[in-house]
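A closer look at the structure
Residue strings, one per chain:
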Amino acid sequence: MIFLRSCLAVIWLNLVSLKQRLWPALVVVVGVACVVGVLLSMLSMTVGLRHAWQRAGSPDRAIILPAGSQAEGDGSVSRSEAEIINDASGIARDAKGRAIADSEILTSLDARRRATGGHGFILLRSFGPMALAVRPEFRIVAGRMYRSGKHEMVVGAEAPGQFLGVGLGEKVEMPDGPWPVVGVFRTNDDVVQSELVADSDTVMAVLRHPDYNSVIVRLAGPGGLAALKRAITTNPALSVTVERQSDYYNRRSAEFSDENDALAYGVSLLLGLGALLAAVNILYSAVAARRREIAALRALGFGAVPVALAVAVEALLLSLAGAVTGATIAYCLFNGVQDVWYNNVFRLTVSPAMIALGLGWALLIGLLGGVLPAIHAARLSIVGGLRAM
Amino acid sequence: MLKYLPLVLAALARRKLRTILTLLSVTVAFILFGVMMGTDASFRRAEDVINRKVVLVGARFADNLTDGMGRQIATMPNVDAISAGGTVFGYYRNPKTHAFAMMVDMASSWPNVPLSPAQWAEWRVKPDGVFLSRLLAAQWGLKKGDIFTIVASSIPRADGTHAWHFEVLDVLDDTPYWPGGFSFGSYHYYKMSRPAGDQAKAGWFQAVVKDAARADDTALAIDTRFSNSAIPTRSEPELMTRSDAATAAVNVASVTRRVALVGLFMILLLTGHGMGQSVRERLSEFAVLKTVGYSDAGVIALVFAEALAPALLGAMIGLGAAAMLSARIPALLPGLYMPEPYLSPTVIDEALAAAVLLAFLSVVLPAWKLKRLDVAAILAGRS
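Quick look at the structure, then. (Residues numbered from 1 in each chain as written. Chains lettered and ligands numbered in written order. Predicted model: local features only at pLDDT ≥ 70, side-chain atom pairs only at ≥ 80, totals over all residues. Heavy atoms only, no water.)

Here we come to the overall build of chain A. Secondary structure assignment for chain A yields 11 helices and 13 strands. Against the globule reference of 21 Å for 389 residues, chain A gives a C-alpha radius of gyration of 30 Å, more extended than a compact globule. Its C-alpha atoms put chain A at 95 × 45 × 35 Å along the principal axes. Within chain A, the fraction of its 389 residues that count as buried is 57%. Look at the contacts in chain A between residues 6 or more apart in sequence, and 78% of them connect residues 24 or more apart. Of the charged side chains in chain A, 35 are positive and 31 negative, and the gap between their average positions amounts to 13 Å. (Helix = DSSP H or I, 4+ residues; strand = E, 2+ residues; numbered from the N terminus. Rg over C-alpha atoms; globule rule 2.2 N^0.38 Å. Buried < 20%, exposed > 50% of the residue type's maximum accessible area, 1.4 Å probe, protein only. Contact = heavy atoms within 4.5 Å. Lys, Arg positive; Asp, Glu negative; His and termini not counted. Charge placed at Lys NZ, Arg CZ, Asp CG, Glu CD.)

What follows is the structure, encoded as structure tokens:
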């Protein structure tokens, strides 16, 4: 109990005297804020992008791709294959017994980037008659839905923020002339929201695209995927693969985000090392500057442990303050800001989990930075310190 | 000047730990600076070396161009030569390992393809050969003589499969023109391997224009010519394509510069603080120096040299480490297609300038203090 009280007393004394060491303390705080801010700002891209991808996938749906194809839009599924797939078991059916399945094409169109004016591309997805039953999250928020057979399209709510000429009322150049954008849709705040959507048969005729690229189906109950897989893989007429849609999007997002994460961690590790060295340096100076004070405390009977503890606690608190500052700045600057990765428009995200990671990282820096100076403080010669008076 | 050197060294040696910590943190900052600005320089160098005469022509919609279009473009004003090309893209071994080969036509001129006449001629004997740059060969784990199979699900072959087999003819040195590495195959092989209906189709054309200044106009003229045809084109000087590609993912340049600057700012704070501290602790020494006749400028120069030594040394060690790290970066992060950071003379100059600036800024406040030093008060122990 006495030990605890003496610890608290020394820690308190230490913190009160921080005012006199305002600048060095601020240097540690700002240094750690830089580390955490850079980490969170770099991660906000991958996390935001990954979320946008993952939200597009639903465990209730499956995606059927041509064999060998890794991504939607790659390779072809013929109309007759699509018919066979629609008859397979494992697919949910509506009241009339129709398969809740939609054969789609996904093609890229040239689009000017709003930020740079340079060429980019936007995806045009086509919907068949059952698309809205497959995708209940799809809803029109402005204008109206396209009419099948008409040369018109709707745009995802996020796309006009990054691409020129795709907003409501504007016209998108197609091979047979400009198609008006008649509506704006939202889905689940996912990557589909950065695409254009139009009617399958019309798009395929105009683009002279005889085949589909993929089939998206709603699964019938928990055993749906297994039944569908069995039906599809045992049919020699089909050369396709089936995957749960949520798995598909997880797999696809891992392709780019894992290495982006690695880059962010690598940069942050280097910056963190710099901040760590800075913290050690400054805490050493702080200990050196208070040699007399520490010697006096020790002479009064305070133990070495409370003195060391006080230095370590100071390091931890300073880096915590830095982390909170850095995280707050990163959150205010980046969270929710729209960004674009090729054709995928997404929102930068600074999530609570990332903030926790930043805090943890900062505490580790504080802990490591505080250890050596703390030990140094505990081992200072009392006589030497007092003599300096 | 040299006679002050022992003084500077003695001051630095007296507080070894502080000097070492400062040196280390400056080193870390410059490793980051070197890698980040080097990546940026690598992109910029690629834009500098781009041949201004090259115009790329592709199909505006997801179609293939026809050989006949190439012949028409060749007759257009300002067009010197036209070459057909295609790209085989897919994956190699693991679906996560994206792989590609640019298929180039040996019958025409390619100012941007770094192959010798002898290497071009090798395709006559081995049409399925590819030439890889070291960077990509390392990423894909290939060496000369290996079989390299790209599974390209959207590019069918005449036999109905999608597996494109290649033999690695040679692994060549990387060139600044292709910062992400290159992989070249023969267009003839590409053409002859496709289904009969696709054999008269090209993936894209590369036009070489006579007057580079009019490359933009020529690109526009090509697009205008085909705008009402069944296959509209999208043409652009290669330079534009590259700069679009560089900003398509994330604006890499802005991210890397920002990180490098934040790192430097952090270290500036640290060294600035360290210098201030060390001057404050030694005010009486400086007072003595002034008493024995050192001028204000002399004392300040001494302090500046003390800050400069670890900053410059740290910058040099950091750049050296960055250079060693750079060679490994493409292999460490193959999926990002990061070019190898290029520590250009400009980057090195910038780093050294940053080190000097760092030292300068960190002594501004202490120097101010030294200039206004009340020598008598300090010597009397009254301050």
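Another point: the overall build of chain B. Scanning chain B for helices and strands turns up 14 helices and 11 strands. Taking 383 residues into account, the globule formula puts the C-alpha radius of gyration at 21 Å, and chain B, at 29 Å, lies well above it. With the C-alpha coordinates aligned to their principal axes, the bounding extent of chain B is approximately 100 × 45 × 35 Å. Sorting the 383 residues of chain B into buried and exposed places 50% on the buried side. In chain B, the share of contacts with a sequence separation of at least 24, taken over all contacts with a separation of at least 6, comes to 79%. Counting only carbon and sulfur atoms, one obtains 63% of the accessible surface of chain B, whose full area is about 17100 Å². Charge centroids of chain B, computed over 37 positive and 31 negative side chains, lie 8 Å from each other. (Areas by Shrake-Rupley, 256 points an atom, 1.4 Å probe, with all protein chains shown as cover.)

Pairs may arise between side chains of opposite charge once their charged atoms sit close together. Residues and elements named next belong to chain B. Under the definition given, this model contains 29 salt bridges over all chains. Salt-bridge contacts for R44 lead to D40; the nearest nitrogen and oxygen are separated by 3.1 Å. Note that R44 and D40 are positioned in helix α2 (residues 16–49) at a spacing of 4 residues, about one turn of the helix. Using a relative accessible area of 2% as the deciding quantity, one classes D40 as buried. (Salt bridge = Lys/Arg side-chain N within 4 Å of Asp/Glu carboxyl O.)

Moving on, we get to the layout of surface pockets. All names here are of chain A. When its volume is computed, the second largest pocket comes out at roughly 640 Å³. Here the lining of the second largest pocket takes 5 residues from helix α7 (residues 245–289), the largest share from any one element. Its residues assigned to classes, the lining of the second largest pocket shows 9 nonpolar, 6 polar and 8 charged. (1 Å grid on protein atoms, 1.4 Å probe; cavity = no way out; pocket = protein on both sides within 12 Å on 5 of 7 lines; lining within 4 Å. Points joined across faces, edges and corners; volume = space filled by probe spheres on them. Nonpolar A, V, L, I, M, F, W, Y, C, P; charged D, E, K, R; others polar.)

The next point concerns the packing of helix α9 (residues 304–334) of chain A against helix α10 (residues 352–378) of chain A. A packed helix pair is summarised by two numbers, namely the angle formed by the two axes and the spacing between the axes. All names here are of chain A. Direction vectors running N to C along α9 and α10 enclose 155 degrees, while the axes themselves pass 7 Å from each other. Classified by the angle their axes make, α9 and α10 are roughly antiparallel. Crossing angle aside, the handedness with which α9 passes α10 is right-handed. Class assignment of the residues belonging to the contact of α9 with α10 gives a composition of 21 nonpolar, 4 polar and no charged. (Axes fitted to C-alpha atoms, helices over the stretch in contact; angles between N-to-C directions. Parallel < 35°, antiparallel > 145°, perpendicular 65-115°, else oblique. Left-handed = near helix turned anticlockwise from the far one by under 90°.)

Residue and element names in this part refer to chain A. With antiparallel pairing, the 4 strands of this open sheet are ordered in space as β2-β10-β1-β11. Of all strands in the sheet, those with a lone pairing partner are β2 (101–104) and β11 (240–244), marking the two edges. Across the sheet, the mean angle from the axis of one strand to that of its neighbour is 20 degrees, orientation sign disregarded. In this fold helix α3 (residues 79–86) packs onto β1 (61–66), β2, β10 (214–218) and β11, with an angle of close to 15 degrees to the strand it touches most, β10. (Pairing = 2+ DSSP bridges.)

Taken together, the contact between chain B and chain A spans 44 residues of the former and 49 residues of the latter. Taking both partners together, chain B and chain A bury about 4300 Å²; carbon and sulfur atoms supply 69% of that area. For the chain B face of the interface with chain A, the top three residues by lost area are F61, M266 and H273 of chain B, together amounting to 14%. Put simply, chain B and chain A have 1 salt bridge between them. (Buried area = accessible area lost by both parts, 1.4 Å probe.)

Turning our attention to the packing of aromatic side chains. Residues and elements named next belong to chain B. According to the stated counting rule, one finds 20 aromatic pairs over all chains in the structure shown. For the pair W123 and F131, a centre-to-centre distance of 5.4 Å together with 70 degrees between the ring planes defines the contact as edge-to-face. Note on accessibility: W123 and F131 belong to one class, buried. What links up through ring pairs into an aromatic cluster is the set Y92, F100, W140, F148, W164, F166, Y187, Y189 and Y190. Its end group placed over the ring of W164, R157 keeps NZ or CZ at 4.9 Å from the ring centre. (Phe/Tyr/Trp six-rings, centres within 6.5 Å; stacked < 30°, edge-to-face > 60°. Lys NZ or Arg CZ within 6 Å of the ring centre and 35° of its normal.)

Before going further, it helps to examine the packing of helix α1 (residues 2–16) of chain A against α9 of chain A. Residue and element names in this part refer to chain A. Contact geometry of α1 with α9 gives a least axis separation of 8 Å together with a crossing angle of 50 degrees. It follows from the interaxial angle that α1 and α9 lie oblique. You can see that α1 and α9 cross each other, and the crossing is right-handed. Where α1 abuts α9, its residues F3, S6, C7, V10, I11, N14 and L15 lie against V305, P306, V307, L309, A310, V311, V313, E314 and L317. Looking at the contact of α1 with α9 residue by residue, the classes come out as 13 nonpolar, 2 polar and 1 charged.

Before going further, it helps to spend a moment on a nonpolar patch on the surface. Residues and elements named next belong to chain A. A cluster of nonpolar side chains, L367, V371, L372 and I375, forms an exposed patch at the surface whose accessible area comes to about 340 Å². One can find L372 in helix α10. Taking relative accessible area as the criterion, L372 reaches 48% and is therefore assigned partly exposed. (Patch = residues over 30% accessible without salt bridge, like charges linked within 9 Å, V, L, I, M, F, W, Y side chains within 5 Å.)

The next thing to look at is the nonpolar core. Soluble globular proteins tend to pack their nonpolar side chains together in the buried interior. In terms of nonpolar packing, the biggest core is built from 116 residues, with F30, F286 and L370 of chain B touching the most fellow members. If one sorts the elements of this core by residue count, helix α2 (residues 22–56) of chain A sits on top with 19 residues. Those residues in contact with F30 of chain B that sit more than four places away from it in its chain are L264, G314, A315, G318, L319, A322, A351, A354, A355 and L358 of chain B. Counting 43 residues, the second largest nonpolar core, distinct from the first, contains A159, L228, V340 and V345 of chain A. (Core = buried A, V, L, I, M, F, W, Y, C linked by side-chain atoms within 4.5 Å.)

Residues and elements named next belong to chain A. Evaluation of the coordinates by the stated rule reveals 7 cavities of 30 Å³ or more. Reported here for the largest cavity is a volume of approximately 80 Å³. Forming the walls of the largest cavity are V10, L13, N14, R290, E293, I294, L297, V307, A310 and V311. Contributions of two or more residues to the lining of the largest cavity are made by α1, α8 (291–300) and α9. Partitioning the lining of the largest cavity into residue classes produces 7 nonpolar, 1 polar and 2 charged.

This brings us to unusual backbone geometry. Where the residue is not glycine, phi is negative for most of them; where a peptide bond is considered, it is trans in most cases. Positive phi, close to 50 degrees, is recorded for R208 of chain A, a residue that is not glycine. Residue position: R208 of chain A is located in the loop between α5 (200–206) and β10. A residue is classified by how much of its surface remains accessible, and R208 of chain A, at 46% relative accessible area, is partly exposed. Phi at N78 of chain B takes a positive value of approximately 70 degrees, unusual for a residue other than glycine. Here N78 of chain B is to be found in the loop between α3 (67–74) and β3 (79–92).

Now for the pairing of β3 of chain B. Residue and element names in this part refer to chain B. Most of β3 is tucked away: 11 of the 14 residues are buried. Pairing of β3 with strand β10 (residues 204–209) involves 6 bridges; the strand directions are antiparallel. For I82, the partnering residue across the bridge sits in β10 and is A207. Pairing between β3 and strand β4 (residues 94–104): 8 bridges, direction antiparallel. Across the sheet, the residue bridging to V88 is A101, located in β4.

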